[in-house]
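Breakdown of the fold
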Amino acid sequence: MNIGVLALQGAVREHIQMIERCKARGISIKRPHELSLIDALIIPGGESTTIDKLMEKYNFVETIRKLNADGLPVYGTCAGLILLAKKITEGTQPLLKLMDIEVKRNAFGRQRESFEADLDISELGSRSYKGVFIRAPWIESVGQGVTVMAKFDGKIIMARQDKLLVSAFHPELTGDCRIHEYFIERFVKQGC
Amino acid sequence: MVKQGTYRVKTGLAEMLKGGVIMDVTNAEQAKIAEDAGAVAVMALERVPADIRAAGGVARMADPTIIEEIMNVVTIPVMAKVRIGHFVEAQILESLGVDFIDESEVLTPADEEHHINKWDFKIPFVCGARNLGEALRRIGEGAAMIRTKGEAGTGNVVEAVRHMRLIMNEARRLKNLREDELMTAAKELQAPYELVCQVAKSGKLTVVNFAAGGIATPADAALMMQLGADGVFVGSGIFKSENPAVMARAIVEATTHYNDPEVLANVSRKLGKAMAGLEISQIGEEDLLQFRGW
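The model shown is predicted, which means the values in this text are computed figures rather than measured ones.

Secondary structure summary: chain A contains five helices and 12 strands in total. Along the first, second and third principal axes, the C-alpha set of chain A runs to 40 × 35 × 30 Å. Burial analysis of chain A (192 residues in total) assigns 62% to the buried set. Within chain A, contacts between residues at least 6 apart in sequence are counted, and of these 66% link residues at least 24 apart. Total accessible area on chain A is roughly 7300 Å²; 44% of this is exposed by carbon and sulfur atoms. The averaged location of the 24 negative side-chain charges in chain A is 2 Å from the averaged location of its 27 positive side-chain charges.

So this is what it looks like as structure tokens:
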């Protein structure tokens, strides 16, 4: 099984390492034609404005939209969550507009306020998950088809909708593979 | 339990900047140009290194007003520089809420023996290094990110190439040593033994390593990436070029597609004049910034 990681900018290597620990193949994706090689896509953390501009310039937007509509699972972490959202509360609006959520950039604050916290994510079981939040966004509101998977401090920080999964935190920085395994198991193998 | 300012959160931000370009800016308007061009962060300062070099005198932390104006107009992280060893400038920047502090040889050092104890701070630090020993001493003091020193403000990439090759080469060499040879290696590198052992295991630095100092064109940026940099800082190279917005965008694209000569050729077209640049041998030894830091 091939899991692509959009490699325009950001924490690409960490995701690929996690994918390989889940016994799948991680492929870094720099050009749209490479998307045809993969069974699922991860949009990593990084700077959402940078990745958005490069996606537009190198013609990723329509290809990813179409592949997702045809069933390609996509998981976005942090910047990836912002890039998948249909609406951002303020600032530049990303172009993919796939997931029915409204997101606030840097909602938890600047780097000084970045933090780690233990999260309860019921779909992963009873053991808590270490959430690493870096200048993290949160989800202000969700549309009807969206399932909220986790909250922190009353704010939505993980959700799914059809073939889309998003988290405001960075599982790729923890060494805990459960979210990558969940994505591969539920979204790729079982097809949701 | 919620924990802020952990080393994982600090190095984590550096990880998020990988594959990106961090640009020096001196006002809100330049910061906006940098963000629009796709910069992953901006470095807020009063003068770019080329102007600091030309002006002479003591170079210090920027006026907080300038830094705050820049923080107010962009959503990307904002970095700012402090003098080597000047922990009070760092305390001031932390209180402003900048996202990253650069303890930088581009400013005039405030301490000729000691760097800042970076573990004391909640925000991460990036420090310059010319070789592996220097990089590991800075990491030992708590730096969450390393950059080559290069020779700032020259538009000449030769020193950054020298420093990047040396750091990568020394890291690879450690990987080939036997375990019982690592203490002597640590002694020779003048670096903490535990960090030397970690580098020996992985063959690379324990934190993100960017290229900086003299990068002036898309080809320069791609060269540094191919030599193993995780990303690039561009100081004077953008706002000292003829067409900053175009140059900035081209360097961003070259940093992403550093391995694709076709893209590099495309983005290198019609950029206008790059910054003029300085031959290193024409700079007096006492004016070289890279020898600041201990």
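It is worth spelling out the sheet that holds strand β4 (residues 78-83) of chain B at this point. Residues and elements named next belong to chain B. The parallel open sheet is built from eight strands, whose spatial order is β8-β7-β6-β5-β4-β3-β2-β9. Strands with a single pairing partner mark the edges of an open sheet, and in this sheet they are β8 (208-210) and β9 (232-234). For this sheet, the mean angle separating the axes of adjacent strands, direction not counted, is 30 degrees. Looking at chain direction, strand β5 (residues 100-104) and strand β6 (residues 125-129) are connected through three bridges and run parallel. Bridged to I101 within β6 is F125. Along the sheet, helix α5 (residues 87-96) contacts β4, β5 and β6; its crossing angle with β4, the most-contacted strand, is approximately 160 degrees. Helix α6 (residues 132-140) rests against β6 and β7 (145-148) of the sheet, and its axis sits at about 160 degrees to β6.

Contact with chain A, which involves 38 residues of that partner, is made by 46 residues of chain B. A buried area of about 3300 Å², summed over both sides, lies between chain A and chain B, and 51% of it is on carbon and sulfur atoms. The largest share of the area that chain A buries against chain B comes from A:R110, A:R112 and A:E116, three residues that together contribute 22% of it. Counting across the chain A and chain B interface gives seven salt bridges. Notably, a salt bridge pairs A:E14 with B:K18, separated by 2.7 Å at the nearest N-O pair. Where chain A touches chain B, the interface holds 25 residue pairs in polar contact (both at pLDDT 80 or more).

The next point concerns the pattern of salt bridges. Close approach of charged atoms lets side chains of opposite charge pair. Residues and elements named next belong to chain B. Under the defined criterion, the tally for this structure stands at 31 salt bridges over all chains. For the salt bridge of K149 with E134, the shortest nitrogen-to-oxygen distance reads 2.6 Å. Placement of K149 in the loop between β7 and α7 (158-175) and of E134 in helix α6 is noted, with a sequence separation of 15 residues between them. For the pair shown, K149 and E134 are each scored as buried. One connected set of salt bridges, linked through shared partners, spans K81, D102, E105 and R147.

Further remarks concern the environment of A:T50. Note on placement: A:T50 falls in helix α2 (residues 48-57). Setting aside residues up to four positions removed in sequence, A:T50 forms contacts with A:Q9, B:G38, B:A39 and B:V40. Only 3.0 Å separates the side chain of A:T50 from the backbone oxygen of B:G38, close enough to count as a polar contact.

Turning our eyes to something else, we now look at the nonpolar core. Counting residues in hydrophobic clusters, the biggest one holds 127 residues, and the most contacted among them are A:L41, A:M55 and B:M224. Those residues in contact with A:L41 that lie beyond four places of it in its chain are A:G4, A:V5, A:L6, A:I29, A:L35, A:I64, A:L72, A:P73, A:V74, A:Y75 and A:F183.

Looking now at the sheet that holds strand β8 (residues 129-133) of chain A. Taken in spatial order, the three strands line up as β8(A)-β7(A)-β1(B) in an open sheet, and their pairing is antiparallel. Two strands close off the open sheet at either side, each with one partner strand: β8 of chain A together with β1 (3-4) of chain B. Taken together, the two bridges between strand β7 (residues 115-119) of chain A and β1(B) define a ladder with antiparallel strand orientation. Residue pairing for β1(B): A:F115 is matched across the bridge by B:Q4.

In this section: the pairing of β4(B). Regular strands show a simple pattern: their side chains alternate between the two faces of the sheet. All names here are of chain B. With respect to burial, β4 is a largely interior element, six of its six residues being buried. Of the two faces of β4, both are covered, the one formed by V78, A80 and V82 as well as the one formed by M79, K81 and R83. Pairing between strand β3 (residues 41-44) and β4: three bridges, direction parallel. Paired with A44 across the two strands is A80, which belongs to β4. Examined bridge by bridge, β4 and β5 share five bridges and lie parallel to one another. Residue pairing across strands places K81 opposite D102, the latter belonging to β5.

Rules behind the numbers
Residues numbered from 1 in each chain as written. Chains lettered and ligands numbered in written order. Predicted model: local features only at pLDDT ≥ 70, side-chain atom pairs only at ≥ 80, totals over all residues. Heavy atoms only, no water. Helix = DSSP H or I, 4+ residues; strand = E, 2+ residues; numbered from the N terminus. Buried < 20%, exposed > 50% of the residue type's maximum accessible area, 1.4 Å probe, protein only. Contact = heavy atoms within 4.5 Å. Areas by Shrake-Rupley, 256 points an atom, 1.4 Å probe, with all protein chains shown as cover. Lys, Arg positive; Asp, Glu negative; His and termini not counted. Charge placed at Lys NZ, Arg CZ, Asp CG, Glu CD. Pairing = 2+ DSSP bridges. Axes fitted to C-alpha atoms, helices over the stretch in contact; angles between N-to-C directions. Buried area = accessible area lost by both parts, 1.4 Å probe. Salt bridge = Lys/Arg side-chain N within 4 Å of Asp/Glu carboxyl O. Polar contact = N/O pair within 3.5 Å; in protein donor to acceptor, adjacent residues only side chain to side chain. Core = buried A, V, L, I, M, F, W, Y, C linked by side-chain atoms within 4.5 Å.

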